[in-house]
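Report on the structure
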Amino acid sequence: MVLITLEGIDGCGKSTLFTSLQNSLSDTGTVFTREPGATWIGAQVRRAIAEEVDPITEALLFTADHAAHIESVIRPSLARGVPVISDRYTDSRYAYQWATLEGILPDPLAWLRMVHDGWTIPPDHTILIVLPVEVALSRKKEIGGKEHFEESSLLEKVQEHYLHLATEDPSRFLVVDGELGKEEMASLAERVIRDWCESSRSRRRR
Ligand code: TYD
């Protein structure tokens, strides 16, 4: 049916938006899911993030988790004809691993795309939340804890990469200001997602 992804740097407000959409779209039968996923593979990915494995291993683990996510959640849900919303998806790899693989591979984005080529399911729509890195990091500090991706120089690059991806594919991306109030952002996202679901239904009726 329709596959929608939420993307943005750590601390951008993506998870808050995801939780609020789970409530506001509860009448739609939408499947809510995330990467890294809830499987044992996702658990290994989280362990790898915590232990800081080398960047190639990490990129391939995230990609393995994506493959498992597609087979266990994304493909079956789309086949049932229900909308799917994923908190992080392929663009997380393109934006983050493009940054972590810089200096290791000559063209990280081309390599990442090649690794996904032929089996991934591209999203129909992506909501990208953008906000200044220092604001995102100060929000993270309030919550406590720090993962190794939460460094300002890395997140600056990651956000640049996200914006590059959005510029390349403007019809898929909706770029949202992360400094909007929580309620405003939630109602904007709910509105556009309902529209996307309706257009996908009417396309299928034709
Ligand atoms: P997650 O726990 O979902 O963090 P958040 O709540 O900020 O979304 O993801 C863990 C970290 O993994 C996060 O910093 C983003 C990073 N990540 C990648 O680097 N590549 C990927 O492909 C994915 C899915 C996540």
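This text goes with the structure placed above it.
Here goes a summary of the coordinates provided. (Residues numbered from 1 in each chain as written. Predicted model: local features only at pLDDT ≥ 70, side-chain atom pairs only at ≥ 80, totals over all residues. Heavy atoms only, no water.)

**Some points on the site of the ligand**
Quick note on the threshold: In this text, near means that some heavy atom of the residue lies within 4 Å of the molecule or strand in question. Polar contact is defined as a pair of N or O atoms within 3.5 Å, subject to the rule that within protein one atom must be able to donate a hydrogen and the other to accept it, and that residues adjacent in sequence are counted only when both atoms are side-chain atoms. The accessible surface values rely on the Shrake-Rupley method and a 1.4 Å probe; as for residues, cover is taken only from the protein chains in view. Secondary structure elements follow DSSP: runs of H or I of four or more residues count as helices, runs of E of two or more count as strands, with numbering from the N terminus.
Every one of the 16 residues lining the ligand counts as a neighbour, but Asp10, Lys14, Arg88, Arg93 and Gln97 are closest to it. In the model, an oxygen atom of the ligand is placed 2.7 Å from a nitrogen or oxygen of the Asp10 side chain. Residue Arg88 places a side-chain N or O atom 2.7 Å away from an oxygen atom belonging to the ligand. When the free accessible area of the ligand is taken as 540 Å², the share hidden by the protein chains comes to 94%. If you list the elements that add at least two residues to the shell around the ligand, you get α1 (14-24), α2 (40-51) and α4 (90-100). Counting residues per element, the shell around the ligand draws most heavily on α4, which supplies four residues.

**A closer look at unusual backbone geometry**
The omega torsion of the bond from Glu35 to Pro36 falls at -5°, within 30 degrees of zero and hence cis. By the secondary structure assignment, Pro36 is in the loop between β2 (31-34) and α2. Phi at Glu52 is positive, roughly 55°, even though this residue is not glycine. Take Glu52: it is sitting in the loop between α2 and α3 (55-79). Its identity as a non-glycine residue notwithstanding, Arg88 has a phi of 75°, on the positive side.

**What about the packing of α3 against α4?**
Rule in force here: Each axis is a line fitted through C-alpha atoms, and for a helix only the stretch in contact is used; angles between axes span 0 to 180 degrees, taken between their N-to-C directions. Between 65 and 115 degrees an angle is taken as roughly perpendicular, under 35 as roughly parallel, over 145 as roughly antiparallel, and anywhere else as oblique. Pairs of residues are marked as contacts when any of their non-hydrogen atoms sit within 4.5 Å. Just so you know the grouping, Ala, Val, Leu, Ile, Met, Phe, Trp, Tyr, Cys and Pro go in nonpolar, Asp, Glu, Lys and Arg go in charged, and all remaining residues, Gly too, go in polar.
Between α3 and α4, the least distance of the axes is 10 Å, while the angle of their chain directions is 175°. Between α3 and α4, the angle falls in the class roughly antiparallel. In this structure, α3 uses Pro55, Glu58, Ala59, Phe62, Thr63 and His66 to contact α4, whose residues at the interface are Thr90, Arg93, Gln97 and Thr100. Classifying every residue of the contact of α3 with α4 gives three nonpolar, five polar and two charged.

**Here we look at the pairing of strand β3 (residues 84-87)**
Using the following cut-off: Classification of residues uses two cut-offs on accessible area relative to the type maximum, computed with a 1.4 Å probe and protein chains only: under 20% is buried, over 50% is exposed, and between them is partly exposed. When DSSP finds two or more bridges between a pair of strands, those strands are recorded as paired.
Residues Val84 and Ser86 line one face of β3 and the alternating positions Ile85 and Asp87 line the opposite face, and both faces are buried. Pairing geometry for strand β1 (residues 3-8) and β3, over four bridges, is parallel. Note on β3: the bridge partner recorded for Thr5 is Ser86. Sheet topology note: the β2/β3 ladder contains four bridges and is parallel. Note on β3: the bridge partner recorded for Thr33 is Ser86.

**Describing the packing of aromatic side chains**
Two aromatic rings are characterised by how far apart their centres lie and by the angle between their planes. Stated precisely, the cut-off is as follows: Between 30 and 60 degrees the pair is tilted, below 30 it is stacked and above 60 it is edge-to-face, where a pair is any two Phe, Tyr or Trp rings, Trp via its six-membered ring, whose centres lie within 6.5 Å.
Using the criterion set out here, one finds four aromatic pairs in the structure. Arranged with centres 5.5 Å apart and planes meeting at 80°, the rings of Phe18 and Phe32 form a pair that is edge-to-face. With Phe18 in helix α1 and Phe32 in strand β2, this pair connects stretches of sequence that are 14 residues apart. Relative to Phe149, the ring of Tyr96 has its centre 5.5 Å away and its plane inclined at 80°; by these criteria the two rings are edge-to-face. Separated by 53 residues along the polypeptide, Tyr96 in helix α4 and Phe149 in the loop between α6 (133-143) and α7 (152-168) bring together distant segments of the chain. Judged by relative accessible area, which is 6%, Tyr96 ranks as buried.

**Digging into the layout of surface pockets**
Condition: Here a cavity denotes grid points, spaced 1 Å and computed from the protein atoms alone, that fit a 1.4 Å probe unable to get out, and a pocket denotes an open set having protein on both sides within 12 Å along at least 5 of 7 lines; residues with an atom within 4 Å of a point are the lining. Grid points are joined across faces, edges and corners, and a volume is the space filled by probe spheres set on the points.
For the second largest pocket, the calculated volume is near 170 Å³. Taken together, 14 residues make up the lining of the second largest pocket; nearest its centre are Asp91, Tyr94, Pro122, Pro123 and Arg172. Within the residue set of the lining of the second largest pocket, elements represented by two or more residues are α4 and α7. Broken down by element, the lining of the second largest pocket gets its largest block of residues, three residues, from α4.

**Describing the sheet that holds β3**
Reading across from one edge, β2-β3-β1-β4-β5 is the order of the five strands in this open sheet, with parallel pairing throughout. Taken across any chain shown, the strands that pair with only one partner, and hence form the sheet edges, are β2 and β5 (173-177). If you compare each strand with its neighbour and ignore which way they point, the axes differ by 20° on average. Across the face of the sheet, α4 comes into contact with β1, β4 (125-130) and β5 while running at roughly 25° to β1.

These values are about where atoms sit, not about what they do.
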